[in-house]
Amino acid sequence: MSYDRNFGNVTFNVIQNPPAYAVISILPADVGGTIPVTTDNAGPLGGSVGSKALPKVSLRNVNSNIPTAYAHLWSAVVEHQVKRNFIVAVEYNGSKGVGLYTIENPNRPGSGNVYLGDPCPTTPCVNPVTFAGTGSLTRLQNFQYSNINRRGYGGFSHYNSVVARTELTNIGNTGLSLHSSYTYAHAIDNISSTFSESNDNFNLGLLDPFNPGLDKGNSDFDLRHRFVFSGTWDVPFARNMSGVAKRALDGWTVAPIISIRTGFPFTLFDCTGAFTTCPRAFQTTTHQRNGSAVPDPSGAANLFDYFNFGSGFDSSYFNPIAGISEFGPFPDNMLTRGYFYGPGAYHVDLGVYKTTKISERFSLQIRGEFFNMLNHSNMYLTLSDNDLSSTTIVHAQKGVHPVLANENRNVQLALKVIF
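The structure displayed is predicted, hence computed values, not measured ones. (Residues numbered from 1 in each chain as written. Predicted model: local features only at pLDDT ≥ 70, side-chain atom pairs only at ≥ 80, totals over all residues. Heavy atoms only, no water.)

Draft legend 1. Local environment of the overall build of the protein chain. Counting its secondary structure elements, the protein chain contains 3 helices and 19 strands. By the compact-globule yardstick of 22 Å for 419 residues, the protein chain is too spread out, its C-alpha radius of gyration being 28 Å. With respect to the principal axes defined by its C-alpha atoms, the protein chain has extents near 95 × 50 × 50 Å. The buried share of the protein chain, taken over its 419 residues, is 40%. For the protein chain, long-range pairs separated by at least 24 residues make up 74% of all intrachain contacts whose partners lie at least 6 apart in sequence. Approximately 22600 Å² of the protein chain is accessible, and the part contributed by carbon and sulfur atoms is 57%. (Helix = DSSP H or I, 4+ residues; strand = E, 2+ residues; numbered from the N terminus. Rg over C-alpha atoms; globule rule 2.2 N^0.38 Å. Buried < 20%, exposed > 50% of the residue type's maximum accessible area, 1.4 Å probe, protein only. Contact = heavy atoms within 4.5 Å. Areas by Shrake-Rupley, 256 points an atom, 1.4 Å probe, with all protein chains shown as cover.)

Draft legend 2. The environment of Tyr182, seen in detail. Take Tyr182: it is sitting in strand 7 (residues 176–189). As for Tyr182 and Thr166, which are separated by 16 residues in sequence, their C-alpha atoms are 9.4 Å apart. Ignoring anything within four residues of it in the chain, the contact list for Tyr182 reads Val162, Val163, Ala164, His225, Arg226 and Phe227.

Draft legend 3. Spatial organisation of the sheet that holds strand 12 (residues 294–295). Spatially, 12-13-18-17 is the arrangement adopted by the 4 strands of the open sheet, whose pairing is antiparallel. A strand with exactly one partner marks an edge of an open sheet, and here the two such strands are strand 12 and strand 17 (379–381). (Pairing = 2+ DSSP bridges.)

Draft legend 4. Focus on the side chain of Thr277. Residue position: Thr277 is located in the loop between strand 11 (265–266) and strand 12. By relative accessible area, Thr277 is classed as buried at 7%. Of note is the side chain of Thr277, whose polar atom sits 3.4 Å from the side chain of Arg108. In this structure Thr277 touches Arg108, Asn203, Leu207 and Glu326, once residues within four positions along its chain are discounted. (Polar contact = N/O pair within 3.5 Å; in protein donor to acceptor, adjacent residues only side chain to side chain.)

Draft legend 5. Broad picture of the pattern of salt bridges. Enumeration according to the criterion identifies 8 salt bridges in this entry. Note that Arg165 and Glu167 form a salt bridge whose closest N and O atoms lie 2.7 Å from each other. The partly exposed category is assigned to Glu167, whose relative accessible area is 23%. Here Asp189 ties to Arg337 by a salt bridge, and the two come within 3.1 Å at their closest N and O atoms. Linking Asp189 in strand 7 with Arg337 in the loop between strand 13 (303–308) and strand 14 (340–341), this pair joins segments that are 148 residues apart in sequence. We classify Asp189 as buried; its relative accessible area is 2%. Through salt bridges that share partners, Glu79, Glu91, Arg165 and Glu167 make up one connected network. (Salt bridge = Lys/Arg side-chain N within 4 Å of Asp/Glu carboxyl O.)

Draft legend 6. Representation of the confidence of the model for the protein chain. Mean pLDDT over the protein chain stands at 89; residues scoring 70 or higher make up 92%. The secondary-structure element of the protein chain with the lowest mean pLDDT is helix 1 (residues 8–12), recorded at 73, while strand 7 shows the highest, at 98. (pLDDT = per-residue confidence, 0-100.)

Draft legend 7. Up close: the nonpolar core. Core analysis: the largest hydrophobic core is formed by 17 residues, its most contacted members being Phe266, Leu268, Phe307, Phe309, Phe313, Phe340 and Leu381. Going through the elements one at a time, strand 13, strand 17 and strand 18 (393–398) are the ones with two or more residues in this core. When residues in this core are grouped by element, the largest group, 3 residues, is from strand 13. The residues touching Leu381, leaving out its near neighbours within four places in the chain, are Phe266, Tyr306, Phe307, Gly342, Pro343, Val394, His395, Ala396 and Pro402. In terms of nonpolar packing, the next biggest core, distinct from the first, is built from 9 residues, Cys125, Val126, Leu137 and Phe327 among them. (Core = buried A, V, L, I, M, F, W, Y, C linked by side-chain atoms within 4.5 Å.)

Draft legend 8. Representation of the packing of aromatic side chains in the model. On inspection of all chains with the given rule, the structure shows 15 aromatic pairs. Seen from their ring centres, Phe266 and Phe307 are 6.0 Å apart, and the 10 degrees between their planes marks the pair as stacked. Pair noted here: Phe266 is in strand 11 and Phe307 is in strand 13, with a separation of 41 residues, a long-range link. Pair check on accessibility: Phe266 and Phe307 agree, each one buried. Aromatic side chains Phe282 and Tyr317 sit 5.5 Å apart centroid to centroid with 50 degrees between the ring planes, which places their arrangement in the tilted category. Here Tyr317 lies in the loop between strand 13 and strand 14 and Phe282 lies in the loop between strand 11 and strand 12, a separation of 35 residues in the sequence. One exposure class covers both Phe282 and Tyr317, and it is buried. Through pairs of rings, three or more aromatic residues link up here, namely Phe266, Tyr306, Phe307, Phe309, Phe313, Tyr339 and Phe340. (Phe/Tyr/Trp six-rings, centres within 6.5 Å; stacked < 30°, edge-to-face > 60°.)

As structure tokens, this is what we get:
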């Protein structure tokens, strides 16, 4: 059993509360229906004439009953030595996270109407087509404040994996060792990190603070299949040489690593009727969970249409009381988190080392390391294309990772003194 401390940022942020400090969350209704573009340092709070009243401030809050998050971990390994220097093994690993830290906003506009029955001039409170009447949406609690940025403990996770591996060491006394492993795994949770910083997540935290299980789905890092092959070859040809020939030809090592994996999960949202929080898309016909790369009609280099969501979805849902789509109960056809999967990838890396013995105590090693040796470009989804209210095509690009740098060959040289 492993425990995860309630890290400092979660509790330290409560300093951002009145009376010493305040954060303002500005909604269109606070500034007359639309948020204007302005060069004023005060933004929409700086009126062109006279002064403008400040909107209500938001709060930082930690659930007073928050416990320490923890996880159960368990594993089992069956290993068999088939022959000398030849081992096969099967491993199982599992874990279950309990009371994981979450972030949520229980004081959204409309929560007072939905949960407490606060009246509106009309029903629903907001016109779901024009969003007229947003000023009639009330909040659940603390009417003198706007959003409540709450740290809770509604998170949970489950992970299971099976690994099959083989190890061959110094095959035939040639200095060649080979290792391979295949992993089948499945990671499920309702929030993959406290702050939901995944690039394909439109929402900060849980979709429904009062129903954490609604976000149960594939983890952002769920990697279903992965194969890794690696080896080291201490080239033996010059072992028995001497003099200059031994110094030049002995001590070479070649070490390749090949890794192949399937794609990561992808979440599709629909912000058509959303006010502050987007529900996931509502599927009316079954779509393939894995896409395919079709060259984009624009002809742009390395750009592909990976998913086409132009049909088979319904964007008409709205809560019958509030008139916006971020409150449930949501229809059964709302997609789960991580329903779709992006493209797979593979990498080939190579290390070449030359170790020369200088004296009894000292050796000199020259290292050459080639990352993405083949200069191969994998395909990655453009994660900003996951809102049906703005686009129906999810693009993918080759060699352009949405978070990391471009996927180019990287050669690294080093000189090491070993003593």
